[in-house]
Amino acid sequence: MVKTPDSAHISAKTLLPAAINGWEMFMYDQGRSTNTVKAFLSDVRLLTQFLAPDQTIGSITTEDLNRFFTWMEKERGIPCSPKTLSRRITSIKSFFRWLHQHGSLVLDPAEKVLQRSAISPLPQVLTDQEYEAVLLAADRHRRSAKPDARSYTLVYLLLTTGIKKSECLGIHINHIDLEAKNGPHVFVRYASPANRYKERKIQLTEDWIDAYKEYLAQYQPVDQVFAWSPRRLEYLLEDIGAEAGLTKHLSFDMCRWTCALRDYQAGIEADSIRQKLGVSKIQWRELFIKIKQLNGEIK
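Being a predicted model, the structure only gives us computed values, none of them experimental.

Novice: Quick question: what am I supposed to make of helix α4 (residues 62-75) here?
Specialist: Every α-helical turn comprises 3.6 residues, leaving residues that sit three or four positions apart pointing alike. Taking 1.5 Å as the rise per residue, α4 with 14 residues should run 20 Å; its terminal C-alpha atoms sit 19 Å apart, in good agreement. Inspection of α4 places D64, L65, F68, F69, W71 and M72 among the buried residues, and these make up the whole buried set. Along the long axis of α4, the arc covered by the buried residues comes to 155 degrees, so they all point the same way. Exposed side of α4, more than 90 degrees from the buried face: E63, K74 and E75 are the residues found there.

Novice: Can you walk me through the pairing of strand β2 (residues 185-188) in this structure?
Specialist: Residues in a regular strand project their side chains so that they alternate between the two faces of the sheet. When strand β1 (residues 176-177) meets β2, the two strands line up antiparallel, connected through two bridges. Counted as the bridge partner of I176 is V186 from β2. Examined bridge by bridge, β2 and strand β3 (residues 200-203) share four bridges and lie antiparallel to one another. Bridged to V186 within β3 is I202.

Novice: Just to check I follow, could you spell out the pattern of salt bridges for this structure?
Specialist: Where charged atoms from two side chains of opposite charge come close, those side chains can pair. The tally for this structure, following the rule as stated, stands at 17 salt bridges. The residue E238 makes a salt bridge to R231 at a minimum N-O spacing of 3.5 Å. Residue R231 is classed as partly exposed on the basis of its relative accessible area, which comes to 37%. Through salt bridges that share partners, D139, R142, R143 and E214 make up one connected network.

Novice: Sorry if this is basic, but what is going on with helix α13 (residues 281-294) here?
Specialist: Here α13 is 14 residues long and its end C-alpha atoms lie 20 Å apart, about the 20 Å a rise of 1.5 Å per residue gives. Here α13 has its buried residues at W284, L287, F288, K290 and I291. Residues of α13 that are buried in the fold lie against α11 (252-265) and α12 (270-277). Looking one or two residues beyond α13, the residue adopting positive phi is G296, at roughly 80 degrees.

Each value, and the rule that gives it
- Residues numbered from 1 in each chain as written.
- Predicted model: local features only at pLDDT ≥ 70, side-chain atom pairs only at ≥ 80, totals over all residues.
- Heavy atoms only, no water.
- Helix = DSSP H or I, 4+ residues; strand = E, 2+ residues; numbered from the N terminus.
- Expected span 1.5 Å × (residues − 1).
- Buried < 20%, exposed > 50% of the residue type's maximum accessible area, 1.4 Å probe, protein only.
- Arc of directions from axis to C-beta.
- Pairing = 2+ DSSP bridges.
- Salt bridge = Lys/Arg side-chain N within 4 Å of Asp/Glu carboxyl O.
- Contact = heavy atoms within 4.5 Å.

Dropping the structure here:
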């Protein structure tokens, strides 16, 4: 077991808050994003509300952690959904695994804590009819007296690539290559080294490229392709959904799931869809079950 600079001063006699501070430094050193670190710390620091303030990390047992999760779920007085509980178990397991792997603890008390999976509800997707209605509504803006290709460029990109909101906002003009040897594509990139595995190239359709060229001429973006706030783009999607007569709430997430389902229905191989979405094999297990449920294969 090799001690890192962040864990070298931490031993079984270290108090929990000091150990958490060391873990925070370690995560930042590993290139984790600020939001990820904050989420992990928020979960683990809840332990300090439950355990005695003078309890050392070496005295924390599996039984202590199981009692903590029971308190979290049933006794704390603040609602804790199955999904939140599952995430907090994951965070605390990660924390104690780090302490054990870097020699601060001989035994990992969280190793035998059962992980509770939380299958979230099925997402909403667009039917074929709704899909066409959305694209028609967006296309009307392109054909209006004052042509505006923004809505179509955004919506059709989301429906054909399945990218997330943060990924959409992160697209810069130089991430789109219309002259690539293997065909036009968008390069989904991440600033944090911890997320490099999510980076990928996604093919672009000819229909989208035509709209994109119109959009470039009309808006002349300098760097970021969609240089608006996340909320502004969400409103734009909501407006298109309303114009298309949807009773559903058109969103980035709905477009992503619709793309995944349509690719599956088109016979695209499952692992190709996984790579297109930029998710790990572990994440894909639940996602693929949901896609099959949306397709009516699993009840």
